[in-house]
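Listed here are the chains, written in short residue letters.
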Amino acid sequence: MPMPNGPLVLSIETSCDETAVAVLDGGRLLSSCISSQTLIHRQFGGVVPEVASRNHLSKVEPLVHEALDKANVQVQRIDCVAATRGPGLLTSLLVGYSFGKGLAIGLNRPFIGVNHIEAHLLSPFFGTEYRPERSIGLVVSGGHTLLVLVDRVGKYQVLGGTVDDAAGEAFDKVAKLLGLPYPGGPQIDALAPKGDPRRYDLPRPMAGRRDFNFSFSGIKTAVRYLLPKLEGDYVADVAASFQEAVVDVLVRKAMAASAELGINLITVSGGVSCNSRLRHRMEKATERANKRLLLAQAALTTDNAAMIGYVAVQRFRENLGTDLALDADPNLSLENR
Ligand code: KG4
Ligand code: ZN
């Protein structure tokens, strides 16, 4: 169904290491501002929660002003304020969530707390003229790897998830082993086309199993044991072989879920979904199986506030009310919100 206009939503995301604020007019994105802390955390090789939290605190208010200015919207016109409620790092979540609540109270407008995974999950629908519909969603990020059956907005069944590392976490850890800077996903993506994906035979853990769970730490460990045996210029070949193993498992499981449940639409979202090899392989696989594929737009794959606002728009339209009495929840579940 085509999207009507409105409401005007201001959304805030601070679940990990990006401070982000967006302004939306219904399905239309008016502004999306992101202040990334990547360079700050790079010196530590990963996200340091205390440092992340303090940076959110100094960035959130200026970013709200910037997003409103870019959208050319005065704050009094906002119909609803939204912020990420969880999952994520509690001390990071609290900054954006409390700021959003305060703003909503000050403006006397409803406040909507958004599930970060739900925001990734629905992000492929953003920018299309369609409302989220029955589909299989593959969410692949730095913190999560999930296969979800989407029935409609707010009704989700998790089919499977990772039993150890998330896909993005595996990319980051293998990149670190290869001496590449954090975050490693984009580095491996850029190097892999220069390497041979068949050079090293890495495992495809759980790929042949009938369930929809994933395991990526075995691939990472295989790389760790492989590296000391290698000489010469092997980095691009290892990057390509590793990426192929991860992508292989992701594509196989997503296609198996859609076949088994008889669902024709597959969506892919989250930071790892901007991986060019994953996008290409998903396009080929869905074409072959005669399924529809919706990939999140590249700008919506890594953490951003536009996807948070998009969920809030759906919930505002369904009159799902305000979440002022609820607290941020670092372990917020997708199924029981
Ligand atoms: O969704 P996201 O921004 O944060 C979480 O909610 O976790 O995802 C970040 C993750 C990082 O692990 C990063 O290495 C990975 O997404 N990533 C990629 C690519 N771009 C980002 N992984 C593979 N290929 C990429 N091009
Ligand atoms: Zn995320």
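So, here is what we can say about the structure in this document. Keep in mind the model is a prediction, meaning the values are calculated, not measured. (Residues numbered from 1 in each chain as written. Chains lettered and ligands numbered in written order. Predicted model: local features only at pLDDT ≥ 70, side-chain atom pairs only at ≥ 80, totals over all residues. Heavy atoms only, no water.)

### Here's the deal with the packing of aromatic side chains
Scanning the model with the defined rule gives four aromatic pairs in all. Pairing Tyr-97 with Phe-111 gives two aromatic rings, centres 5.2 Å apart and planes at 70°, and the pair type is edge-to-face. Here Tyr-97 is found in helix α3 (residues 90-107), whereas its partner Phe-111 is found in strand β5 (residues 111-115), with 14 residues between them in sequence. Since its relative accessible area comes to 2%, Tyr-97 is described here as buried. The class of Phe-111 is buried, set by a relative accessible area of 0%. Ring centres 5.1 Å apart and planes at 80° place the aromatic pair Phe-171 and Phe-242 in the edge-to-face group. A residue pair is termed long-range when its members are at least 10 positions apart, and Phe-171 in helix α5 (residues 167-177) and Phe-242 in helix α8 (residues 235-261) qualify at 71 residues. Comparing Phe-171 with Phe-242, the two get one shared label, buried. (Phe/Tyr/Trp six-rings, centres within 6.5 Å; stacked < 30°, edge-to-face > 60°. Helix = DSSP H or I, 4+ residues; strand = E, 2+ residues; numbered from the N terminus. Buried < 20%, exposed > 50% of the residue type's maximum accessible area, 1.4 Å probe, protein only.)

### Things to note about the packing of helix α7 (residues 217-226) against α8
Packed helices, taken two at a time, are described by the angle between their axes plus the distance between the axes. Running from N to C, α7 and α8 point in directions that differ by 160°, and their axes come no closer than 11 Å. Regarding the angle of α7 to α8, the classification is roughly antiparallel. In the packing of α7 onto α8, the handedness of the crossing is right-handed. Across the interface between the two elements, Ile-219, Val-223 and Leu-226 of α7 pack against Val-238, Phe-242, Ala-245 and Val-246 of α8. Among the residues forming the contact of α7 with α8, the class breakdown is seven nonpolar, no polar and no charged. (Axes fitted to C-alpha atoms, helices over the stretch in contact; angles between N-to-C directions. Parallel < 35°, antiparallel > 145°, perpendicular 65-115°, else oblique. Left-handed = near helix turned anticlockwise from the far one by under 90°. Contact = heavy atoms within 4.5 Å. Nonpolar A, V, L, I, M, F, W, Y, C, P; charged D, E, K, R; others polar.)

### Structural notes on the site of ligand 1
Lining the immediate surroundings of ligand 1 are 19 residues, of which Gly-142, Gly-143, Asp-172, Asp-189 and Asp-303 lie closest. Here an oxygen atom of ligand 1 and a side-chain polar atom of Asp-172 are 2.6 Å apart. A distance of 3.0 Å is found between a nitrogen atom of ligand 1 and a side-chain nitrogen or oxygen belonging to Asn-275. Considering ligand 1 on its own, with 550 Å² of exposed area, one finds that the protein chains cover 90% of that surface. Elements with a contribution of two residues or more to the shell around ligand 1: α4 (116-122), α5 and α6 (184-191). Across the shell around ligand 1, the residue classes tally to five nonpolar, eleven polar and three charged. Mapped onto the domain boundaries, the shell around ligand 1 takes at least three residues apiece from domain 1 (8-122 + 300-317) and domain 2 (133-296). (Near = heavy atom within 4 Å. Polar contact = N/O pair within 3.5 Å; in protein donor to acceptor, adjacent residues only side chain to side chain. Areas by Shrake-Rupley, 256 points an atom, 1.4 Å probe, with all protein chains shown as cover. Domains from an automatic or database assignment.)

### Description of the pairing of β5
Burial within β5 is extensive, with five of its five residues counted as buried. The alternating pattern of β5 places Phe-111, Gly-113 and Asn-115 and Ile-112 and Val-114 on opposite faces, both of which are buried. The sheet contact formed by strand β4 (residues 80-86) and β5 spans five bridges and is parallel. Bridge pairing in β5 links Gly-86 to Asn-115. Regarding the hand of the β-α-β motif, the stretch spanning β4, α3 and β5 is right-handed. (Pairing = 2+ DSSP bridges. Right-handed = clockwise from strand over helix to strand, strands pointing away.)

### Notes on the coordination of the zinc ion (ligand 2)
For the zinc ion (ligand 2), every protein donor is listed as His-116 (NE2), His-120 (NE2) and Asp-303 (OD), and the spread of their distances is 2.0 to 2.1 Å. Here the zinc ion (ligand 2) is ringed by four donor atoms whose angles at the metal span 95 to 137°, and the overall shape comes out irregular. Of note, the zinc ion (ligand 2) draws all its donor residues from one chain, in the sequence arrangement H-x3-H-x182-D. Pair noted here: His-116 is in helix α4 and Asp-303 is in the loop between β10 (292-295) and α10 (306-317), with a separation of 187 residues, a long-range link. Of the two residues examined, His-116 and Asp-303, each falls in the buried class. (Donors = N, O, S within 2.8 Å, 3.2 Å for Na, K, Ca; no water. Tetrahedral: all angles 85-135°; square planar, octahedral: opposite > 155°, others 65-115°.)

### So, α5
Since the α-helix advances by 3.6 residues per turn, residues separated by three or four positions end up pointing in the same direction. Among the residues of α5, those classed as buried are Ala-167, Gly-168, Ala-170, Phe-171, Val-174 and Ala-175. Across the axial projection of α5, the buried residues extend over an arc of 155°, all falling on one side. Where α5 is buried, its residues contact β6 (135-140), β7 (145-152), α6, α7 and α8. After α5 finishes, the residue Gly-179 shows a positive phi value of roughly 80°. (Arc of directions from axis to C-beta.)

### Concerning the sheet that holds β5
Two strands in a sheet stick together by hydrogen bonds in their backbones, pointing the same way (parallel) or opposite ways (antiparallel). Across the sheet, which stays open at both edges, the five strands sit in the order β3-β2-β1-β4-β5 with mixed pairing between neighbours. The open sheet terminates on both sides in strands that have one partner only, identified here as β3 (28-36) and β5. Taken pair by pair, the neighbouring strands of this sheet meet at an average axis angle of 20°, ignoring direction. Direction of pairing for strand β2 (residues 18-25) relative to β3: antiparallel, over a ladder of eight bridges. Note that in β3 the partner of Ala-20 across the bridge is Ile-34. Where helix α2 (residues 49-71) meets the sheet, it contacts β1 (8-13), β2 and β3, and its direction lies at approximately 25° from that of β2.

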